[in-house]
Amino acid sequence: MLFATAIAVPTGVWLARSPGWAKPVIGLTNILQTIPSLAMFGFLLPLPWLGERAARIAIVSLCAYALLPILRNTYEGIRGIDRSIIEVACALGLTDAQRFFMVELPMAAPFILAGLRTATVTSIGIATIAAAVGAGGLGELIFRGVASVDNRLVLAGAIPAALLALAADATLSQLERWFKVPVS
Amino acid sequence: MATAIEFHDLCFATPQGRQLLDMISFPVEEGTTVAILGRSGSGKTTLLRTVNRMITPTSGDVLLHGKSVSEFDLIKLRRNMGYVIQETGLFPHFTVERNVGLVLEAEGSSRQDRVRRSHELLEMVGLNPANYAMRFPHQLSGGQRQRVGLARALAAEPDFLLMDEPFGALDPLTRAEMQDMLRDLLCRLKKTVLLVTHDLDEALYLADRIILLSEGKLLAYLEPNQFMSTREPLIEAYVRAFRRGWHKAAPEIRLPNRGV
């Protein structure tokens, strides 16, 4: 998630400033998003450095899947700010940095957080599937339980995974709400 | 009186080839208010925005006290110009107080100074700081928001005020109040003001000179009473357009005294 955010947020901001690139870049992340996660793992397995450790595959894939929601939301969040506010911010003599930190970022924050929320919940889901390629974690418990027809094992993995997803969703929703500002 | 702003053969054409400004030349004297009138699309806003370099002309120049605006440091130039627009552009996530103190915050003023100045300005525009300082823009009416917008524009004591149809979205009574407030403020503060409006009455009430633009060309540069009495057909047509309801409904009734 950290890597994805570190990549996606600045890219989203850059795209907001150069909308010409938006279509191709978002299009590319869209394609990545459409590939089912198991298939993604399958593609990455044979690769030289990546395929050696299941954890690496899992992290790279999670990163790829987390990119789109964060990227798109950052882009939309910044592009969606009322143009007259940006106009005034420039006209009153705010430097680009001041405009970004004082105006654009705080106003886009709820959208970016919504993107983070979607990405986090999706990531938890995909992480559980990563167990299929030996990445361990809660997913491993689920798979072992299915393989040995042991319900307790399945639940031992499934319940925490679900709770984790719900908790992440709730926390980030709350954060989103704090940042939301009524406009009129 | 010194010339504060000079437009010199100013031209602006869009990349698609539309000529929005065509050889505009006129002076603005220091401490006066010039109203820029014209139809939608006549180039009024474009003209205004060449002064703070939001738009770069394709040819010609804008001079401030004899120096081209392109020679000034951009940020310093803009901080010396208050900017007020119809939509106000107040930051919804800032309190009224923080909105007003915005330019001071950008310049690194202490919080104490900013709050003090904010409150001073809110009083000046007729908003009691005790009631309004901690409110958010969405909690204000249209007129109140415009007052905050004006306070914000005045905060850093700019020499110039650029106003783009600031009262256009307000009802006539509120608009009259705002015009009176602006007139009082300008009597005290002595700024050089460019006021874009399509309201002839507002121009006549507030301005020392009236500019009429049409399709990017300068049609008139007159004092208010000259503007009303000129026989120039295009200007007459503009004036007549404001009088039609009166002439139709009550041609014999004279305009009531506004207590000027």
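Quick caveat: nothing in here was measured; it's all calculated off a predicted structure.

**A word on the overall build of chain B**
Part 1: Counting secondary structure elements, chain B contains 12 helices and 10 strands.
Part 2: What you see for chain B is a C-alpha radius of gyration of 19 Å, in line with the 18 Å of a compact globule of 260 residues.
Part 3: C-alpha atoms of chain B, sized along the principal axes, occupy 55 × 50 × 40 Å.
Part 4: A burial count over chain B gives 41% of its 260 residues as buried.
Part 5: Considering only intrachain contacts with a sequence separation of at least 6, the fraction spanning at least 24 residues in chain B is 69%.

**Structural notes on the overall build of chain A**
Part 1: The helix and strand tally for chain A stands at 8 helices and 0 strands.
Part 2: The linear arrangement of helices and strands in chain A, starting from the amino end, is α-α-α-α-α-α-α-α.
Part 3: A buried classification covers 35% of the 184 residues belonging to chain A.
Part 4: Sequence-distant contacts, at least 24 apart, represent 69% of the contacts inside chain A between residues at least 6 apart.

**A word on the sheet that holds strand β1 (residues 3-13) of chain B**
Part 1: Within the open sheet, the 4 strands sit side by side as β2-β1-β4-β5 (chain B). Their pairing is antiparallel. Only two strands of the sheet have a single partner each, and these edge strands are β2 (19-29) and β5 (67-68) of chain B.

**Looking at the confidence of the model for chain A**
Part 1: In this model, chain A carries an average pLDDT of 77, and 80% of its residues clear a pLDDT of 70 or more.
Part 2: The secondary-structure element of chain A with the lowest mean pLDDT is helix α1 (residues 2-17) of chain A, recorded at 69, while helix α5 (residues 83-91) of chain A shows the highest, at 92.

**Describing the interface of chain B and chain A**
Part 1: On the chain A side, the residues contacting the 16 residues of chain B number 18 residues.
Part 2: Within the residue set of the side of chain B that touches chain A, elements represented by two or more residues are α2 (74-79), β6 (81-85) and α4 (102-106) of chain B.

**Comments concerning the sheet that holds strand β7 (residues 160-164) of chain B**
Residues and elements named next belong to chain B.
Part 1: Taken together, 6 strands build an open sheet; the order of strands is β6-β7-β8-β3-β9-β10 and the sheet is mixed. This sheet does not close on itself; its edge strands, each paired only once, are β6 and β10 (217-222). Looking at each pair of strands side by side, their axes are set apart by 15° on average, direction ignored.
Part 2: Both strand β3 (residues 33-38) and strand β9 (residues 209-214) contribute to a ladder of 5 bridges, which runs parallel.

**Things to note about the packing of helix α6 (residues 96-130) of chain A against helix α8 (residues 151-179) of chain A**
Residue and element names in this part refer to chain A.
Part 1: Direction vectors running N to C along α6 and α8 enclose 175°, while the axes themselves pass 9 Å from each other. In terms of their interaxial angle, α6 and α8 are classed as roughly antiparallel. Between α6 and α8, the residues in contact are Ala109, Pro110, Leu113, Ala114, Leu116, Arg117, Thr120, Val121, Ile124, Gly125 and Thr128 and Ala161, Leu164, Ala165, Ala168, Asp169, Leu172, Ser173, Leu175, Glu176 and Phe179, respectively.
Part 2: The residue inventory of the contact of α6 with α8, partitioned by class, reads 14 nonpolar, 4 polar and 3 charged.

**Focus: the nonpolar core**
Note on soluble globular proteins: their nonpolar side chains tend to be buried together.
Part 1: In this structure, Ala35(B), Ile36(B), Leu194(B) and Ile211(B) are the most contacted members of the largest nonpolar core, which totals 101 residues.
Part 2: A total of 14 residues in this core trace back to one element, the largest contributor, which is α6(A).
Part 3: Look past the residues within four positions of Ile211(B) in its chain and what remains in contact with it is Phe26(B), Val34(B), Ala35(B), Ile36(B), Leu37(B), Leu218(B), Ala220(B) and Tyr221(B).

**Some remarks on α6(A)**
Part 1: Under the 1.5 Å per step criterion, the end-to-end length of α6(A) is only 42 Å for 35 residues, more than 12% shorter than the ideal 51 Å.
Part 2: If you look at α6(A), its biggest bend is around 50°, right at Ala109(A), and the proline Pro110(A) turns up within four residues after that.

**Brief notes about the confidence of the model for chain B**
All names here are of chain B.
Part 1: With 96% of its residues at a pLDDT of 70 or more, chain B has an overall mean of 90.
Part 2: Mean pLDDT across the secondary structure elements of chain B bottoms out at helix α12 (residues 244-249), with 75, and peaks at strand β8 (residues 192-196), with 96.
Part 3: Both confidence scores are given for the complex: pTM 0.81, ipTM 0.84.

**Considerations on helix α7 (residues 142-154) of chain B**
Residues and elements named next belong to chain B.
Part 1: Its 13 residues place the ends of α7 19 Å apart at the C-alpha level, agreeing with the 18 Å of an ideal helix rising 1.5 Å per residue.
Part 2: Burial of α7 is extensive: 11 of the 13 residues sit out of reach of the surface.
Part 3: What α7 keeps buried is the set Gly143, Arg145, Gln146, Arg147, Val148, Gly149, Leu150, Ala151, Arg152, Ala153 and Leu154.

**What about unusual backbone geometry?**
Residue and element names in this part refer to chain B.
Part 1: Phi is positive for Asp9, close to 50°, though the residue is something other than glycine.
Part 2: By the element assignment, Asp9 lies in strand β1.
Part 3: In the Ramachandran plot, Glu165 falls in the positive-phi region, its phi being about 45° despite a non-glycine side chain.
Part 4: Relative to the elements of secondary structure, Glu165 occurs in the loop between β7 and α8 (172-189).
Part 5: What makes Glu165 buried here is the crowd of 20 C-beta atoms within 10 Å.

**Let's talk about the pairing of β7(B)**
Residues and elements named next belong to chain B.
Part 1: The buried count for β7 comes to 5 of 5 residues, which makes it a mostly enclosed element.
Part 2: Of the two faces of β7, both are covered, the one formed by Phe160, Leu162 and Asp164 as well as the one formed by Leu161 and Met163.
Part 3: In terms of strand pairing, β6 meets β7 through 5 bridges, oriented parallel. Within the sheet, the bridge partner assigned to Met81 lies in β7 and is Phe160.

**As for the pairing of β6(B)**
Part 1: Within β6(B), 5 of the 5 residues are buried, leaving the element largely enclosed by the surrounding structure.
Part 2: Along β6(B), one buried face is formed by Met81(B), Tyr83(B) and Ile85(B) and the opposite face, lined by Gly82(B) and Val84(B), is buried too.

**Some points on the environment of Ala249(B)**
Residues and elements named next belong to chain B.
Part 1: Positionally, Ala249 belongs in helix α12.
Part 2: The exposure class of Ala249 is exposed, given the 8 C-beta atoms found within 10 Å.
Part 3: A C-alpha to C-alpha distance of 18 Å links Ala249 and Asp201, two positions 48 residues apart in sequence.

**Regarding the environment of Leu222(B)**
All names here are of chain B.
Part 1: Residue placement: Leu222 occurs in strand β10.
Part 2: Given 17 C-beta atoms within 10 Å, Leu222 falls into the partly exposed group.
Part 3: Each C-alpha atom of the pair Leu222 and Gln16 lies 32 Å from the other, and the pair is 206 residues apart in sequence.

Rules used in this analysis
Residues numbered from 1 in each chain as written. Chains lettered and ligands numbered in written order. Predicted model: local features only at pLDDT ≥ 70, side-chain atom pairs only at ≥ 80, totals over all residues. Helix = DSSP H or I, 4+ residues; strand = E, 2+ residues; numbered from the N terminus. Rg over C-alpha atoms; globule rule 2.2 N^0.38 Å. Buried ≥ 20, exposed ≤ 12 C-beta atoms within 10 Å, placed from the backbone. Contact = placed C-beta atoms within 7 Å. Pairing = 2+ DSSP bridges. pLDDT = per-residue confidence, 0-100. Axes fitted to C-alpha atoms, helices over the stretch in contact; angles between N-to-C directions. Parallel < 35°, antiparallel > 145°, perpendicular 65-115°, else oblique. Nonpolar A, V, L, I, M, F, W, Y, C, P; charged D, E, K, R; others polar. Core = buried A, V, L, I, M, F, W, Y, C linked by C-beta atoms within 7 Å. Expected span 1.5 Å × (residues − 1). Bend = angle between axes of the 7 residues up to and from the residue.

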